[in-house]
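A closer look at the structure
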Amino acid sequence: MFPNAPTPSPEDEALAARVRAFVCEKVIPYEKDPRNGAHGPTDALRRELNALAREAGVLAPHVARAYGGLALTHQQRALVFEAAGYSPLGPIALHCAAPDEGNMHLLEAVGSEAQKERFLRPLAQAEQRSCFAMTEPPPGAGSDPSLLATIAEGDGQRFVVNGRKWLITGAPHAGFMILMARTVVQGEDRGATMFMVPLPNPAVRISRLLDSLDSSFTEGHAEVAIEGLEVTADDVLGEIGQGFRYAQVRLAPARLTHCMRWLGAAERAQDIAKAHARTRHAFGSPIGHHEGVSYQIADNDMDLHMSRLVTRHAAWTLDQGDPGGFVSSRAKVMVSEAVYRVADRCMQILGGLGLTDDTVVAQIFREVRAFRIYDGPSEVHRWSMGRKLLRADKQEKV
């Protein structure tokens, strides 16, 4: 349920409006910048956008004030991240895009004080970027993390890591990697562990950049070879063998912030479609006067409204201290599928224009299609939710 949920304060709404204005006035003009290409914005463009956000006082608003942020709650992030998402470059500018936003959250929650100073502070201040290396090519870990094939072997104090990772977002020019590996200590499998790996490192090599459907993440997605990487106990994030538990600390909020950002993008597509429906004429009137178009605009509004409600409910749940696994899965499935429908209808309303890059709608369509796969495909979330709902113990929290 959603009892006693506070309405957004005037201050929160004003901050979201300020972010929306910043995105419209400062960020959207960069969408056609030649540095914004098939593998996303370059790091140079990212730094330029971060400088604008820093000047506007909206850089990394989600992190603690001690690291330069505004310490936004999840409910406040729902407002601000949606406003940032109005342009695919908006979250990049605010430095609240994946994977950096999720890595900041994880470091705040799990990192030692030394790790926070070494890694979190420069990341939060956009002096560097980061990547998160868990996903592997077949037969390694994908939707099933138990298939983790990257191995860290050692005596508990020193380890050597070997493996391959792929779809590692933002790996080129990242300042560090949070690396997930199965840990074998003196022959005993201790489970998955996260290691902090400063980059560049000669033992971490980018094999190739993947050509993917989406293009909104800085430097795109890479396949990474890890060969003879030496790490120590001081590089462990948290505790040895707790990697999967920490992954849930990171992933539940990260799923939700994806929902927030893509909601903003879908709202942008809807605005473009409505403007076109008002001005494009066919069969004697603006096309928006025809039911085939007006119904799609109405359906979009319903999908957007439902998505906003389920996202804000999940944000409220996280703010109550709940881990949020179930509610973030529900939001991720519902929102990823709803915003895809919105983008698809907007393309249909725009007709031939929607197939071109004359508007940002075609890009939004590509981006939100990818959203149904990353951070767990819809099928895995449905399977997980179904298992929890069917447990015999009715008292167990879902």
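Residues numbered from 1 in each chain as written. Predicted model: local features only at pLDDT ≥ 70, side-chain atom pairs only at ≥ 80, totals over all residues. Heavy atoms only, no water.

The next subject is the overall build of the protein. When helices and strands are counted, the protein shows eleven helices and eleven strands. By principal-axis analysis of the C-alpha atoms, the protein measures approximately 80 × 55 × 40 Å. The long-range share in the protein, meaning contacts at least 24 apart out of those at least 6 apart in sequence, stands at 74%. Across the protein, the centroid of the 44 positively charged side chains sits 2 Å from that of the 48 negatively charged ones. (Helix = DSSP H or I, 4+ residues; strand = E, 2+ residues; numbered from the N terminus. Contact = heavy atoms within 4.5 Å. Lys, Arg positive; Asp, Glu negative; His and termini not counted. Charge placed at Lys NZ, Arg CZ, Asp CG, Glu CD.)

Let us now look at the pairing of strand S5 (residues 158-169). The pairing of strand S4 (residues 151-154) with S5 spans four bridges and is antiparallel. Paired with glycine 154 across the bridge in S5 is phenylalanine 159. A loop of three residues connects S4 with S5, the two strands running antiparallel in sequence, and glycine 156 in this loop sits at a positive phi of about 100 degrees. Across nine bridges, the pairing between S5 and strand S9 (residues 221-232) is antiparallel. Bridging across to S9, valine 161 finds its partner in leucine 229. (Pairing = 2+ DSSP bridges.)

Turning our attention to helix H8 (residues 291-319). In a regular helix each residue adds 1.5 Å, so 29 residues correspond to 42 Å; H8 covers 42 Å between its end C-alpha atoms and thus fits that length. Positive phi shows up at glycine 321, right after H8, with a value of about 95 degrees. (Expected span 1.5 Å × (residues − 1).)

Now for the nonpolar core. Among the nonpolar cores identified, the biggest contains 87 residues, and Val19, Phe22 and Met194 are the most heavily contacted of them. Residues within four places of valine 19 in sequence aside, it is in contact with Val58, Val80, Ala83, Ala84 and Leu94. Core analysis: the second largest hydrophobic core is formed by 23 residues, Ala181, Val197, Val224 and Val231 among them. (Core = buried A, V, L, I, M, F, W, Y, C linked by side-chain atoms within 4.5 Å. Buried < 20%, exposed > 50% of the residue type's maximum accessible area, 1.4 Å probe, protein only.)

Considering all chains together, one arrives at zero disulfides under this definition. In this structure cysteine 24 is a free cysteine whose sulfur lies 15 Å from that of cysteine 96, the closest cysteine sulfur available. On the basis of relative accessible area, cysteine 24 is assigned to the partly exposed category, the value being 33%. Sulfur of cysteine 131: no disulfide; nearest cysteine sulfur belongs to cysteine 96 and is 19 Å away. Classification of cysteine 131 as buried rests on a relative accessible area of 0%. (Disulfide = S-S within 2.5 Å.)

Under the criterion given, the structure shown has five aromatic pairs. Ring centres of phenylalanine 217 and tyrosine 374 lie 5.9 Å apart, and the angle between their planes is 85 degrees; this geometry places the pair in the edge-to-face category. One end of the pair, phenylalanine 217, is in the loop between strand S8 (204-210) and S9; the other, tyrosine 374, is in the loop between helix H10 (361-371) and helix H11 (378-389), and 157 residues separate them in sequence. Overall, the relative accessible area of 8% leaves phenylalanine 217 in the buried class. For the ring pair tyrosine 340 and phenylalanine 365, a centre distance of 5.3 Å and an interplane angle of 35 degrees mean the geometry is tilted. In this pair, tyrosine 340 sits in helix H9 (residues 325-350) while phenylalanine 365 sits in helix H10, placing the two residues 25 residues apart along the sequence. Clustering of aromatic rings is evident, with ring pairs tying together Phe217, Phe371 and Tyr374. (Phe/Tyr/Trp six-rings, centres within 6.5 Å; stacked < 30°, edge-to-face > 60°.)

The description of two helices packed together rests on the angle between their axes and the distance between the axes. At a minimum axis distance of 7 Å, the contact between helix H3 (residues 74-84) and helix H7 (residues 243-279) shows a crossing angle of 35 degrees. Our pair here, H3 against H7, has a crossing hand that is right-handed. Side by side, H3 and H7 meet where His74, Arg77, Ala78, Phe81 and Glu82 of the first sit next to Pro253, Thr257, Met260, Arg261, Leu263 and Gly264 of the second. Across the contact of H3 with H7, the residue classes tally to five nonpolar, three polar and three charged. (Axes fitted to C-alpha atoms, helices over the stretch in contact; angles between N-to-C directions. Left-handed = near helix turned anticlockwise from the far one by under 90°. Nonpolar A, V, L, I, M, F, W, Y, C, P; charged D, E, K, R; others polar.)

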